Every structure is written in C-alpha cells, then in structure tokens.
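Working through the structure, step by step
As a plain string of letters, each chain reads:
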Amino acid sequence: MRELKFLLQKEFKQIFRNKGLLPLIFVVPFVQLLILPLAADYEVKNINISIVDQDHSSYSQHLISKITSSGYFKLAGYAPTFNEGFKQIENGQADLILEIPTGFERNLIRENQQKLFIAINAINGVKAGLGGNYLSQIISDYNSDIRVQWIRPGRFKEAPTIQLVSSNWFNPFMNYNYFMVPGILVVLVTMVGSYMCALNIVKEKEAGTIEQINVTPIKKYQFVLGKLIPFWIIGMMVFTIGLFIVARLVYGIVPVGSVLLLYGYLAIYLIALLGLGLLISTFAETQQQAMSVAYFFIMIFMLMSGLFTPLDGMPQWAYVIAKINPVTYFIDVVRMIILKGSDFSDLVYHFTIMTGFALVLNGLAIWNYRKTS
Amino acid sequence: MADVVLNNIVKTYNKGEVKAVNDVSFEVRKGELFGLIGADGAGKTSIFRILTTLLLPDSGTAYVDGCDVVKDYKTIRKKVGYMPGKFSLYQDLSVEENLHFFATVFDTTVAENYDLIKDIYVQLEPFKTRRAGKLSGGMKQKLALCCALIHRPNVLFLDEPTTGVDVVSRKEFWEMLKGLKQQGITILVSTPYMDEATLCERIALIQSGSMMMIDTPDQIIKKFPDKLYAVKANNMIRLQTELRNNSQIKSCYSFGDYHHITMENEQLTIDNLRASLQNEGLYNLEVKEITPTIEDCFMSLMNR
C-alpha cells in the first residue's frame, strides 16, 4: 500500500505537469460538449426549395407562403419549368422542387382534387427524408385549411377523419440536446479511459522507465493500479464537469433519476474501459501503435453505440457488434437515468453486463500482461 | 560464494535463431569492480538483463548475492542497483523528485543513504529542481547512478554507463566507481571502450555472446602471444595494403597514427621489414616494439 501511494503521487505529478495532456483532459470535454450537440442535431432546417409555379393563382400563392413561413424551408428561387428547377438542384442551390401544375386552383375547386409534384435530392438521405416529410405535412395542413374554408357552417362533415394527438414522454419538447448531450458525455469519458490510460503505460515502455521500475520491489499489480486509479479519478472528474457544469448550466439538463446510481454505473464502466486501455498497452510497443489501436476501437464504439442511430435500425450483424460494445450500455443507462429516471431494478441487466465487461477486459489484460513479461 | 555467479548461461532470441549469450560462465567476487568488455551486440546487455531478473535465461543458472535469478527474483530486486544503457528515469520529474521516488520505492529515504551518494549528488545539487529530461548527458548519468545507489545495493549493475558521455565526464565517472568500490559495493560494469578496461580490477572479453578471456587487465596483456610492433610511414593506406599482403605478417590493424602488427615467425626482423617496405617506395618509416593494449588483445582473440 505504501508503494502504491508513492506511485499515485508520482503519477499525478506527471499528469498535472504535462502541458499537452491537461487541456486535453479539462478543456476538450467542454468544447466538445458545446459544439458536438449542435452539429449532431437531426432537426433539419434551411432546406432549400425551388418552386415551379405554373398556376400563379391565389391558392398557389397561399401554399407557397405557408411553406416559406414554416421555418424549415428557404426559398431558393422560382423556376419557370421543372427542368430549370432541376438545374438548381444540380448546382446545389436547391434540395427540393415543388411543382404546382397549371390550373391547380381551378381544378381543385372544380374536381375537388389536385396533384402536386415533389422532387427531392436524396444524396443526403436524412435531409431528403425529413424535407419530404415536412413538406407533405405542410401540404396536408394546407389541405385541411382549405376544407375548413369550404365547410359551410351548420352542416355535417362530409367525411369522418381520424385526428392524431401525440404526447412526447421524457423529452416533451423533443429537445435534441437532451438526447445527444448525455451520449456525448459518455464518449468523452470513454476516450479518457481507454486512450489516456493505454498511452500512459506505453509511454513508460517507450522511455524504458518500466524496466527501471521492474528492478525495484514494486509489484506488477501495484504498478498497474498506480496507472488505473489516476485515470479512473480523471474519468469521474470529466464526467462530473460535463454533467454538472456543461449539461446543467448550458443545456439545462437535470438528471431525473438518482445521480448516485449514475455514478455507480460510471465507476464500473470506467473499470471496464481502463481494462481495455490496459489490454491495448500490453500489445503495443509504441505510443503510435497504442493510439492507432485505441482509435480503431473508439471509432467503432462511437458509431455502433446507438449514439447517433438507433440500434433497432441496424442489420443483424451490426446489432450483434453493438451489443458487444460497452459504450452502447452506458449510453443507454445514461439516457435512462437522466431522462427517464430509471432506478436500479430497471438497470440490473445493464449492471450485470458491464460487470462482465469489467471482469473480462481486465482479466484478459492481466493475463496478457503476465505472459509478455 | 562470489557475489555474482553465472554458470553456462544461454540466451537466444527469435526462437533460437539469434544466439545472444552462448554458454557464458564467470564470477564476480565480493567488492570487485568487474568489467564486461565487448563490441555492440556482443551480448553484454542480455547478460545484464538476466542478472537483474528482467530476462529469463534459456538454460544455465545464475546467482546474485547468493540468490537464484529465476527463483529468488524478488529478493534480488531489493538488493541490486541497475542502471540501464538507455537513460530510464522520469524525464518529466525533477532531479530531486526522481531521487526521492526511487528512495521511497525501496522503502528508504534520501537522507538515510545520503553519505553514499553525497560525492556524486553535490554536483547535481545546483540543478535539483530541473527536470531530468533537461539535464546534460553527463548529468543524466550521474543522476541515474544516484538513483541506482539510493537504496544502498549490494551489487551494482552498470550497463554502458559511459557510452555517449564526454571524456571528462567519463573520467569523473570512473573515479566515482572507484569511490563506490571502497564502500564495499560489488560493481559489474560493461563498456565498449577498450581504454576503460584497464580501470577495472578484472575484465571479461566478450564477442558474439561468448567469453574469450577472463582475467585482470595486466594478465590479459601478458598473455598476448606475439611480439607487437607499431609501424608508421608517409602513406598509411599503402602501408596497410603492403603489410597485409606480406605473408610473413600475421596481423595488421590500424590504431590511430600507427599500424599494429604481429609477425608470423621471429625470422622477420625489424630491419628486414624496414628494407622491404622501403623497396615498395614508402619512406619516413618508423618501426618499434610496443606493449600490447587491451584492444590488441581483443583483436588477436577475436581472430583466433
């Protein structure tokens, strides 16, 4: 225990003296938490729309003003023909074309129905899907407006309609930040845990200091603990800064569930991740190798964790990978506790899995560490 | 029992392809300053790493201070000091912090053993708050020696401590080693510099993982089998070609201003040699008999 104390002292001295690492630990999380949620916002705004109005009636004018005033669309311009409008898509000026046919108003009144044509640039699938959706909504809204105008007071409705009323639970205003910020917080903690721990150990290998330590009475487990504990604490600190300073003060996110439970899970999660860092460090001989390997894992962890895309939409093989990714569980837990207020009984499954990760990753790391030295 | 004992140690790398240490046996007596002399890649570092329990030998046994390097590695680690060839202290910690750290790791304090390192540490004292990484080469060596000594080890292993250090610092370093020897510490030091060999009490000449000779420097020089001559002329390159082409010359190596030669038999006299070289058009000839150096011995052993 005495040795461990000195190792920890030394480790913290080195970390706090490292001018390159300190900002990485304490500033980068802030910046990332402030920038990333804004960039990862799925609410698509400013969709450029080009309108081919061949009717020029008061109805078509009304529709256009309804579209442009919705806030989602920006009028890229009017085009006389569809081909002209398509040129605007080709030039990248427009994402969508709405074609209003000749006699739109006349036929609508006379025949009680009319068709509109929408062409969407689908290079960006998300933008295309959402843009198409928004536009159909606006048009159907417009449609019911017209119906209301036409209904004569005192008469029965001509056709029964089903009206949908939805209520958004746990995130009533569908605030995208509520969903993203806790997830990004998880990714940050993951990086600190795996990268920094692995790099730190490999640095000692590179500098040869590990040899010098090996010729002292310091035992291997003491050395390993001396490396894991500081990064465990730093991981906790980064999470705390992110949760209580950035998430609360900037985004107004207040955990609904128990903060203690959240930290309990974080503690186990960090042990698992540090085990991964340790495992990487037993394979890598240089910091460059460690960095590349850690980067490979972080990329997969991030993209296949349900942070950006829901797991249910993944193909079976990807779903399996996501399920053996510790980040998936932590993101799930963070969202459950912060947004939904889940308690321990809801999270037993997650706790069991993460404890398993912690045991397996650390076990592998220690086994390989023994073997190599 | 001697402080360091090696019995038929073998170490190979790459699954037996590279033989780094080949059946090496030697002993270092208590309180001795023992030198391991050999070129780069001779296997010196492998021997050090086996003795400091960082590497397991393929076969053979070795004891340090009475403990087996394989079985009692934990005890050995408490009793030896090791200074690797590469500077391996924490570059981002200061001189003081490094020393303090290694003292605490061995469950001791700097103050407790200060007398042992005092002579060395006074030179470092003005820089004690400087980061170890920012020290000059000679200062780094001194700090590394202090750190290796801070727990008062019984045996000190110094792997090429003077490689890459200037002449003055090298001299100082050897003076320090002599001082430590007087404190009763057994020292095993390796060096690729032959001129440092004479500063050791006994030396082992090692080449390609095998021991060539183990003795005191004087004895090794005495065992030199032939008479050795130093030859000099106006054109040293041509002189070397001539000497090497002469079938009566056994060996010819260039040593600074002179070529050192040995002769196949004693029939060839200095005068004969002089005459034959003059015939080849070389002038300003100088031929004299000299006492061999360790380097001469090493070269002659290498070619046997």
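Residues numbered from 1 in each chain as written. Chains lettered and ligands numbered in written order. Predicted model: local features only at pLDDT ≥ 70, side-chain atom pairs only at ≥ 80, totals over all residues. Heavy atoms only, no water.

**A short note on the overall build of chain B**
A count of helical and extended segments in chain B gives ten helices and 14 strands. Counting across all 304 residues of chain B, residues that qualify as buried make up 53%. By sequence separation, contacts in chain B at least 24 residues apart represent 68% of the contacts at least 6 residues apart. Summed over all atoms, the accessible surface of chain B reaches about 13,800 Å², with 47% contributed by carbon and sulfur. Chain B carries 36 positive and 39 negative side-chain charges, and their two centres are separated by 3 Å. (Helix = DSSP H or I, 4+ residues; strand = E, 2+ residues; numbered from the N terminus. Buried < 20%, exposed > 50% of the residue type's maximum accessible area, 1.4 Å probe, protein only. Contact = heavy atoms within 4.5 Å. Areas by Shrake-Rupley, 256 points an atom, 1.4 Å probe, with all protein chains shown as cover. Lys, Arg positive; Asp, Glu negative; His and termini not counted. Charge placed at Lys NZ, Arg CZ, Asp CG, Glu CD.)

**Observations regarding the overall build of chain A**
When you go through chain A residue by residue, the secondary structure sums to 15 helices and four strands. Relative to the compact-globule value of 21 Å for 373 residues, chain A shows a C-alpha radius of gyration of 28 Å, a clear excess of over 25%. Referenced to the eigenvectors of the C-alpha coordinate spread, the extents of chain A come out at roughly 95 × 45 × 40 Å. Counting over 373 residues, chain A shows a buried share of 47%. Summarising the internal contacts of chain A: among those between residues at least 6 apart in sequence, 77% fall at separations of at least 24. (Rg over C-alpha atoms; globule rule 2.2 N^0.38 Å.)

**Details of the interface of chain A and chain B**
With 22 residues of chain A at the contact, the number on the chain B side is 24 residues. Of the roughly 2,300 Å² buried between chain A and chain B, counting both surfaces, carbon and sulfur atoms make up 57%. Among the residues of chain A in contact with chain B, A:Arg17, A:Gln212 and A:Val215 are the three that bury the most area, contributing 29% of the side total. Viewed at the interface, chain B and chain A are joined by five salt bridges. Counting the contacts that link chain A with chain B gives twelve residue pairs in polar contact (both at pLDDT 80 or more). Sorting the residues of the side of chain A that touches chain B by element identifies helix H1 (2-17), helix H8 (176-207) and helix H9 (209-214) of chain A as the ones contributing at least two each. (Buried area = accessible area lost by both parts, 1.4 Å probe. Salt bridge = Lys/Arg side-chain N within 4 Å of Asp/Glu carboxyl O. Polar contact = N/O pair within 3.5 Å; in protein donor to acceptor, adjacent residues only side chain to side chain.)

**Looking at the side chain of B:Lys140**
All names here are of chain B. Take Lys140: it is sitting in helix H5 (residues 137-149). Within the buried set, Lys140 has no salt-bridge partner at all; the shortest N-O distance to an opposite charge, 12 Å, is to Asp92. Non-local contacts of Lys140, meaning those with residues more than four positions away in its chain, are made with Phe87, Gln91, Ala132, Gly133 and Leu135.

**Structural notes on the domain arrangement of chain A**
Its domain assignment divides chain A into domain 1 (2-40 + 175-372) and domain 2 (47-150). One C-alpha centre belongs to domain 1 of chain A, the other to domain 2 of chain A, and the line joining them spans 48 Å. (Domains from an automatic or database assignment.)

**Section: the confidence of the model for chain A**
When pLDDT is averaged along chain A, the result is 86; 95% of the residues meet or exceed 70. Ranking the elements of chain A by mean pLDDT puts helix H2 (residues 21-26) of chain A last, at 80, and helix H11 (residues 259-283) of chain A first, at 93. (pLDDT = per-residue confidence, 0-100.)

**Re helix H4 (residues 58-68) of chain A**
Residues and elements named next belong to chain A. Residues of H4 that are buried: Tyr59, Ser60, Leu63, Ile64 and Ile67. Taken end-on, H4 shows its buried residues confined to a sector of 135°, consistent with a single buried face. Among the structural elements, strand E1 (47-53), strand E2 (73-78), strand E3 (96-100), helix H6 (104-111) and helix H7 (125-150) are those in contact with the buried residues of H4. (Arc of directions from axis to C-beta.)

**Comments concerning a nonpolar patch on the surface**
All names here are of chain A. Taken together, the side chains of Val27, Val31, Leu34, Ile35, Ile245, Leu249 and Val250 make up a nonpolar region of the molecular surface, amounting to roughly 600 Å² of accessible area. Elements represented by at least two residues in the nonpolar patch include exactly helix H3 (28-39) and helix H10 (220-250). Structurally, Ile35 is set in helix H3. (Patch = residues over 30% accessible without salt bridge, like charges linked within 9 Å, V, L, I, M, F, W, Y side chains within 5 Å.)

**Brief notes about the pairing of strand E10 (residues 210-215) of chain B**
Residues and elements named next belong to chain B. Judged from the five bridges that link them, strand E9 (residues 202-207) and E10 form a sheet pairing that is antiparallel. Across the sheet, residue Gln207 finds its bridge partner in E10, namely Ser210. Once E9 ends, the chain turns through two residues before running back antiparallel as E10, passing Ser208 with a positive phi of about 50°. (Pairing = 2+ DSSP bridges.)

**A closer look at the sheet that holds strand E5 (residues 67-68) of chain B**
Read from one edge to the other, the open sheet built from four strands follows the order E2-E1-E4-E5 (chain B), with strand pairing classed as antiparallel. Since the sheet does not close on itself, it has two edges, and those belong to strand E2 (18-28) and E5 of chain B, each with one partner.

**Details of the sheet that holds E2(A)**
Residues and elements named next belong to chain A. Overall, mixed pairing links the four strands, which are arranged E2-E1-E3-E4 in an open sheet. Unpaired on one side and paired on the other, E2 and strand E4 (117-120) mark the two borders of the sheet. Adjacent strand axes in the sheet meet at a mean angle of 25° when their direction is disregarded. The sheet contact formed by E1 and E3 spans five bridges and is parallel. (Axes fitted to C-alpha atoms, helices over the stretch in contact; angles between N-to-C directions.)

**Here's the deal with the pairing of strand E6 (residues 80-83) of chain B**
Residues and elements named next belong to chain B. Here E6 shows two buried faces, one formed by Val80 and Tyr82 and the other by Gly81 and Met83. By the bridge criterion, four bridges tie E6 to strand E7 (residues 155-159) in an arrangement that is parallel. Within E7, the residue paired with Val80 across the bridge is Val155.

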